[in-house]
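Summary of the model geometry
This is what each chain is made of:
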Amino acid sequence: MNTKEILTPCDHRWRRKAAVVLTLTSLLVLALREPLQAFPLGSDQAVLPAGTEFYEETLSPPRELFHSESIGGRKSYLVNLGDLAFNSPLILGGRARQAEMSCGTCHVNGASNPKLFIPGASSRPGTFDTTSLMFNPKTFNSILDPVRIPSLRGARFLAPYGHDGRISSLRDFVYNVIVNEFDGPPPSSAVLDGLVAYINDIDFLPHPRIGGDGRLAAQASDAELRGEKLFFKPFPHQPQLSCAGCHLPTGPFTDLLRHDVGTGGLVKTPPLLNANFNAPYFHDGRYDSYEQVVAHFNRLFELNLSSQDAQDLVAYLKAVGDADRPFDKDGVAVRMKEIRELASVLELAIPAADIALVSLTVDGVGAELRELTEHIPDIRNVSVGGQDERLAARNAVKDLVLTLRRIDLAVEAGHSEEAMSEYKSFATRATFDVPLALKKAEPWSLFNAGVHSSHYAALGRILQSKPSE
């Protein structure tokens, strides 16, 4: 087998590993325990350059909190449609689609992706050039000028959009990303409505340490409280300015205006809420830490901060940038809940005989299911136990994929009633039988931290030992 095939990027959401990973499981020596820090997806024969990294092997993805669910409701049809489109390569074009990238490749669960790196389009991990020749020659500006990949949490509060605030409407911004940055076809009104609804539904993560007035709660440390005072303190040489003047200490901690902060032009004030998880910092991602950010402003505005002052201000920023439970544990229950929600788009798409939307849903949900199968090692891999459980789980998921295909064919043939009957069968099995089968196999799957670590460590060693061609 050509090693370079393994390294071809194939991302659906943040999680899809190399396309043929599981065909290698019988070759993996799972006893190998060396940690694998990054899993490169690029090669000289891949769609994207050698060294491309999507960082997909984490077992703790960013937590995605939906406003509709947080207030006791359910995600709407439009939000689920947008979620589906957001994580589908089909809405993009050119090389992005070929590499099976999606919006979710850069914005993991609506957050950022600090590890994403594409040579020629990134200056460092967590940055991306939106005017790159690689993705749309029509918008190429002849220079490498990547910007930081932002989190989309709380986007409904953050207009105007873009690092320079150049686009007032989220709908226009999403359209621009798809068509101009990634050379995709103009999305239908329904898909665009769904994308906007999905992004607008992604909430900031809760932060119980900040009161309604934007002040730190009583349990703040002495250092954090000293930092809070510095945050509000006027700058010594420009008393009309302060940190709090731009990062208004209410809501997401931003004035939503553009300012020159010594990085080459006007840039929009980024929110500080949940910012601990949004590194690298500044619009071009030049800084990795709050310490570097504070040092920058100390130099630029001659703040004359002492070493203790700088430490206190960093302590305050970390306190404001924190969140309650920022990461989730990946597993069968999380995956199957998402699959059921995405598939629910078919409830309206089938009766409407919307062939394009049914096809998009079948493709997206099918990819999720196939990826789920990849987390259950093939029974030919005898290095882990649970052969019977793994076989049952893989067969159960395979049956769901085949059901989706029958739905697609039935709608194409104009047999909506047949398609709806198949969907009801799909929904029932996706709620009961399949999760049960997967749960029984989970101890021997890649959702098990030990199996997961050994799998990627061994795979990394195999790839490193193979000569390039």
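Conventions and cut-offs
Residues numbered from 1 in each chain as written. Predicted model: local features only at pLDDT ≥ 70, side-chain atom pairs only at ≥ 80, totals over all residues. Heavy atoms only, no water. Helix = DSSP H or I, 4+ residues; strand = E, 2+ residues; numbered from the N terminus. Buried < 20%, exposed > 50% of the residue type's maximum accessible area, 1.4 Å probe, protein only. Contact = heavy atoms within 4.5 Å. Areas by Shrake-Rupley, 256 points an atom, 1.4 Å probe, with all protein chains shown as cover. Phe/Tyr/Trp six-rings, centres within 6.5 Å; stacked < 30°, edge-to-face > 60°. Polar contact = N/O pair within 3.5 Å; in protein donor to acceptor, adjacent residues only side chain to side chain. Salt bridge = Lys/Arg side-chain N within 4 Å of Asp/Glu carboxyl O. Arc of directions from axis to C-beta. Expected span 1.5 Å × (residues − 1). Disulfide = S-S within 2.5 Å. Axes fitted to C-alpha atoms, helices over the stretch in contact; angles between N-to-C directions. Parallel < 35°, antiparallel > 145°, perpendicular 65-115°, else oblique. Left-handed = near helix turned anticlockwise from the far one by under 90°. Nonpolar A, V, L, I, M, F, W, Y, C, P; charged D, E, K, R; others polar. Core = buried A, V, L, I, M, F, W, Y, C linked by side-chain atoms within 4.5 Å.

1. A word on the overall build of the protein chain
Broken down by element type, the protein chain carries 18 helices and four strands. Across the 469 residues that make up the protein chain, the buried fraction comes to 54%. In the protein chain, of all internal contacts separated by at least 6 residues, the share reaching a separation of at least 24 is 66%. With an accessible surface of roughly 20,200 Å², the protein chain has 56% of that area assigned to carbon and sulfur atoms.

2. Points about the packing of aromatic side chains
The full count for this structure, using the stated rule, is 15 aromatic pairs. With a centroid separation of 6.1 Å and an interplanar angle of 35°, the aromatic rings of Tyr 161 and Phe 173 are classed as tilted. In this pair, Tyr 161 is assigned in the loop between β2 (147-148) and α6 (170-181) and Phe 173 in helix α6, connecting sequence segments twelve residues apart. The buried category is assigned to Tyr 161, whose relative accessible area is 9%.

3. Considering the side chain of Asp 312
Relative to the helices and strands, Asp 312 resides in helix α11 (residues 307-320). Note on Asp 312: relative accessible area 3%, which makes it buried. Within the structure, the side chain of Asp 312 is placed 2.8 Å from the side chain of Gln 308, a separation counted as a polar contact. Setting aside its immediate chain neighbours within four residues, Asp 312 contacts Ala 223, Arg 226, Gly 227 and Leu 230.

4. A closer look at unusual backbone geometry
At the junction of Ala 159 and Pro 160, the peptide bond is cis and its omega measures out at 0° in the coordinates. Among the structural elements, Pro 160 can be located in the loop between β2 and α6. A cis amide bond, omega 5°, links Ala 279 with the succeeding residue Pro 280. Positionally, Pro 280 belongs in the loop between β4 (266-268) and α10 (290-300). Positioned with a positive phi, Asp 183 is a non-glycine residue whose angle comes to about 55°. Topologically, Asp 183 is positioned in the loop between α6 and α7 (189-201). One non-glycine residue, Phe 253, adopts positive backbone phi at about 65°. Here Phe 253 lies in the loop between α9 (243-246) and β3 (258-260).

5. Looking at the pattern of salt bridges
On inspection of all chains with the given rule, the structure shows 22 salt bridges. A cluster of three or more residues bridged by salt bridges with shared partners is formed by Glu 69, Lys 75, Asp 83, Lys 337 and Glu 341.

6. A word on the environment of Ser 425
Assignment of secondary structure puts Ser 425 in helix α16 (residues 416-431). Classification of Ser 425 as partly exposed rests on a relative accessible area of 29%. Through-space distance from the C-alpha of Ser 425 to that of Leu 400 is 9.1 Å; in sequence the pair is 25 residues apart.

7. Some words on α10
Those residues of α10 that sit buried are Tyr 290, Val 293, Val 294 and His 296. Considered in projection along α10, the buried side chains sweep an arc of 155° and stay on one side of the axis. Where α10 is buried, its residues contact α11.

8. Considerations on helix α15 (residues 387-412)
Along its 26 residues, α15 runs 38 Å from first to last C-alpha, staying within 8% of the 38 Å computed at 1.5 Å per residue. With its phi angle positive at about 85°, Gly 414 sits one or two positions after the end of α15.

9. What to know about the state of the cysteines
Taken as a whole, this structure holds zero disulfides when the rule is applied. Of all cysteine sulfurs in the structure, the one in Cys 106 sits closest to Cys 103, which takes part in no disulfide; the separation is 8.3 Å. Residue classification places Cys 106 among the buried residues on the basis of a relative accessible area of 8%.

10. A look at the packing of helix α12 (residues 332-343) against helix α17 (residues 433-441)
Viewed as axis vectors pointing N to C, α12 and α17 meet at an angle of 160°, and their least axial separation amounts to 10 Å. Between α12 and α17, the interaxial angle falls into the category roughly antiparallel. The handedness of the crossing between α12 and α17 comes out as right-handed. Facing α12, whose interface residues are Val 332, Met 336 and Arg 340, α17 presents Val 434, Pro 435, Leu 438 and Lys 439. Residues belonging to the contact of α12 with α17 are distributed by class as follows: five nonpolar, no polar and two charged.

11. Side note on the packing of α15 against α16
At their nearest, the axes of α15 and α16 sit 8 Å apart, and the two run at 160° to each other. Taken together, α15 and α16 sit at an angle that is classed as roughly antiparallel. Handedness of the α15/α16 crossing: left-handed. On α16, the residues that touch Asp 399, Leu 400, Thr 403, Leu 404, Arg 406, Ile 407, Ala 410 and Val 411 of α15 are Glu 418, Ala 419, Glu 422, Tyr 423, Phe 426, Arg 429 and Ala 430. By residue class, the composition of the contact of α15 with α16 is nine nonpolar, one polar and five charged.

12. A look at the nonpolar core
Counting residues in each nonpolar core, the largest one holds 77 residues, and the members touching the most others are Ile 118, Phe 135 and Phe 426. Each residue touching Phe 426, except ones within four places of it in the same chain, is listed here: Ile 339, Ala 343, Val 365, Leu 369, Leu 400, Thr 403 and Leu 404. Judged by nonpolar contacts, the second largest core, of 31 residues, contains Leu 272, Tyr 287, Leu 303 and Ala 319.

By themselves, these observations are geometric and do not establish any function.
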